[in-house]
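Breakdown of the fold
Chain by chain, the residues run as shown.
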Amino acid sequence: MASPMASTDGAEVLVASNRGPVSYDLREDGSLHARRGGGGLVSGLSAIGPDANAVWVCAALGDGDREAVRRAGGGRLPAEDTGGQQVRMLDIDADVFSDAYNGIANSVLWFVHHMLYQTPLEPVLDAEFRRQWASYQAYNRAFAEALAQEAAEGAVVVIQDYHLALAPRMLRRLRPDLRIGHFSHTPWAPPDYFRLLPDDIAAELLSGILGADHAAFLTRRWADAFVACCHAVLGPGIPSGETRIGVHGLGADADFLRKRSHEPDVDERMRALREEIGGEGRRTIVRVDRTELSKNIVRGLLAYRQLLDDHPEWRERVVHVAFAYPSRQDLAVYRDYTAEVRRVADEINAAYGTAGWTPVVLHVKDDFARSLAAYRLADVALVNPIRDGMNLVAKEIPVVSDEGCVLVLSREAGAYEELGEDAVVVNPYDIGGTAEALALALAMPAEERAERCKRLAAAATALSPAAWFLEQVEALGG
Ligand code: F6P
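Residues numbered from 1 in each chain as written. Predicted model: local features only at pLDDT ≥ 70, side-chain atom pairs only at ≥ 80, totals over all residues. Heavy atoms only, no water.

**Details of empty space enclosed by the protein**
According to the stated counting rule, one finds one cavity of 30 Å³ or more in the structure shown. Taken as a whole, the largest cavity encloses approximately 40 Å³ of empty space. Residue lining of the largest cavity: Leu 109, His 113, Tyr 136, Tyr 162, Ala 165, Trp 188 and Leu 205, and that is the complete set. (1 Å grid on protein atoms, 1.4 Å probe; cavity = no way out; pocket = protein on both sides within 12 Å on 5 of 7 lines; lining within 4 Å. Points joined across faces, edges and corners; volume = space filled by probe spheres on them.)

What follows is the structure, encoded as structure tokens:
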């Protein structure tokens, strides 16, 4: 029997994520400017082609987005802003959105899955947390209702990430005919840590995702942790056969990266960066991250300082190129972390720098072309997160680097599962160990470095964003 809510001209494939493929700036003169984003989902969705009758449902994140939704009459955004993609942006009440995104998703769920709490004093899961939880439920409900309205009978819906853990079950109740997937882009916490959450909330989160036919993760490790949490919180028989568990290791977009990294603006940034680095034949240790607590940028700087102490022969002969782009600046803990990154970088430059050598070149203004320039110049790539779902930078740098780079990689990054064999692997908390790994990487003979880098690039591109997305759809029989 056809679902009473199924839309007759509805979409056959739907994607739901907090951040959509476009965002808007509202200028002082009242004009709106659309900015298109990149990333795995954008290129993934393009793989199913423009005739696929697909819709992307996302949230309005700021005032510009809200104004764009109003001007679009609450429905789909103008196709010229989205590159032809059908996008329905949800204007969820700003306070509800802030509670759900800043309060629950980024301050609780992100912290749980990345194990970021300083547990003697946090988390404090009090009445204020319960109030924000109600907003998280309302935010998930808004997505479930929009998806229910937009979907054709039997459509495939792929719901992304920890912002939307409750939406699969909510949608299942509204539209039992749909084929629903959920994909987690983060790590999943082990049971002992996940159970910091109140029992009812832990159960609601797991049951929310189990409302999907297919619950998928970036690596086997995170999938196993999810299943272990289900056993610990919901009981040993769960998940039952109703929800299949999948692993799809999103890879780097080789074709796009190789082409984009040889465009003139990247060449220009390379010239400017070479000037900043200075010194004939100087080596580079490159890192590029959002300024994100889990990325471990400060310990990376401390390890670099240790390298300069323990191996003074590298002074004046190496530069740490660190790009740390602003992220989640509504949260004080992120603002403080950004300040700490700057402070430590300045301290190293003041203590070790000379007239012709700046040991750390730090940039905090987002510039994609400059990131690609740094990728191309990298002799060593430093990717040392304390915990990370995948870490695409670890996959991108070996693909783009001109001469072949050595990857110094945390064993806590999802990418370790595929790249660990050809990387120099570190415990991200061990400053001395990371310093020695950097020394080893800098001294690695050119031939070995090039060989390893070739293998890294092959492993990093094994599952293109397009294939990754199609796997999610195909797992639902789409
Ligand atoms: O890793 C999870 C994730 O949602 C990614 O998909 C994305 O890179 C990142 O977090 C973005 O976070 P935000 O939208 O809060 O800037």
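Once the structure has been displayed, the description carries forward.
**Thoughts on the environment of Leu 171**
Along the chain, Leu 171 turns up in helix 6 (residues 167-174). Along the primary structure Leu 171 and Leu 147 are separated by 24 residues, whereas in three dimensions their C-alpha atoms are 7.4 Å apart. (Helix = DSSP H or I, 4+ residues; strand = E, 2+ residues; numbered from the N terminus.)

**A word on the domain arrangement of the protein**
According to the domain assignment, the protein consists of domain 1 (11-250 + 467-475) and domain 2 (254-460). Computed from C-alpha atoms alone, the centre-to-centre distance between domain 1 and domain 2 is 30 Å. Listed per partner, the contact involves 24 residues of domain 1 and 21 residues of domain 2. Around 1,600 Å² of area is buried between domain 1 and domain 2 when both sides are counted, 55% of it from carbon and sulfur atoms. Its largest share of buried area at the contact with domain 2, domain 1 owes to Trp 110, Arg 221 and Leu 250, together 27% of the area lost on that side. Where Arg 221 meets Glu 412, a salt bridge forms, and the shortest distance between an N and an O atom there is 2.8 Å. Summed over the shared surface of domain 1 and domain 2, the result is nine residue pairs in polar contact (both at pLDDT 80 or more). Across the side of domain 1 that touches domain 2, the residue classes break down as 13 nonpolar, nine polar and two charged. (Domains from an automatic or database assignment. Contact = heavy atoms within 4.5 Å. Buried area = accessible area lost by both parts, 1.4 Å probe. Salt bridge = Lys/Arg side-chain N within 4 Å of Asp/Glu carboxyl O. Polar contact = N/O pair within 3.5 Å; in protein donor to acceptor, adjacent residues only side chain to side chain. Nonpolar A, V, L, I, M, F, W, Y, C, P; charged D, E, K, R; others polar.)

**Quick look at the site of the ligand**
Near the ligand you find Arg 19, Tyr 101, Asn 106, Trp 110, Asp 161, Tyr 162, His 163, His 185, Arg 290 and Arg 328, and these make up its full shell. Arg 328 is positioned with one of its side-chain polar atoms (N or O) 2.9 Å from an oxygen atom of the ligand. Against a free-state accessible area of 400 Å², the protein chains account for coverage of 71% of the ligand. The leading source of residues in the shell around the ligand is helix 4 (residues 94-114), at three residues. Of the residues that constitute the shell around the ligand, the class distribution is three nonpolar, three polar and four charged. (Near = heavy atom within 4 Å. Areas by Shrake-Rupley, 256 points an atom, 1.4 Å probe, with all protein chains shown as cover.)

**Things to note about the environment of Arg 305**
The residue Arg 305 is located in helix 12 (residues 297-310) in this model. Accessibility expressed as a relative area gives 27% for Arg 305, which makes it partly exposed. Excluding anything up to four places from it in sequence, Arg 305 contacts Glu 347, Ile 348 and Tyr 352. (Buried < 20%, exposed > 50% of the residue type's maximum accessible area, 1.4 Å probe, protein only.)

**Considering the sheet that holds strand 15 (residues 424-426)**
Spatially, the six strands line up as an open sheet ordered 12-11-10-13-14-15, and their pairing is parallel. Two strands in the sheet have a free side with no partner beyond their single neighbour: strand 12 (360-363) and strand 15. In this sheet, adjacent strand axes meet at a mean angle of 20° when their direction is disregarded. As judged from the two bridges shared by strand 10 (residues 283-290) and strand 13 (residues 380-383), these two strands associate in the parallel manner. By the bridge assignment for strand 13, Ile 285 is matched with Val 380. Sitting on the sheet, helix 13 (residues 332-352) touches strand 11 (318-325) and strand 12, and the angle it makes with strand 12 is about 155°. (Pairing = 2+ DSSP bridges. Axes fitted to C-alpha atoms, helices over the stretch in contact; angles between N-to-C directions.)

**Re the side chain of Gln 160**
Structurally, Gln 160 can be placed in strand 6 (residues 151-160). Here the side chain of Gln 160 touches His 185 through a polar contact of 2.8 Å, side chain to side chain. Here Gln 160 is in contact with Val 15, Ala 16, Ser 17, Leu 41, His 182, Phe 183, His 185, Trp 468 and Gln 472, once residues within four sequence places are set aside.

**A word on the environment of Leu 116**
Positionally, Leu 116 belongs in the loop between helix 4 and helix 5 (127-150). Given the relative accessible area of 14%, Leu 116 is considered buried. Taking C-alpha positions, Leu 116 is 8.8 Å from Ile 386, a pair spaced 270 residues apart along the chain. Residue contacts for Leu 116: discarding those within four places in its chain leaves Trp 110, Phe 111, Glu 122, Tyr 193, Glu 292, Leu 293, Ser 294 and Ile 386.

**What to know about the nonpolar core**
Ranked by internal contacts, the top residues of the largest apolar core, which has 164 residues, are Trp 188, Phe 194 and Leu 205. Shared between two domains, this core takes at least three residues from each, and those domains are domain 1 (11-250 + 467-475) and domain 2 (254-460). (Core = buried A, V, L, I, M, F, W, Y, C linked by side-chain atoms within 4.5 Å.)

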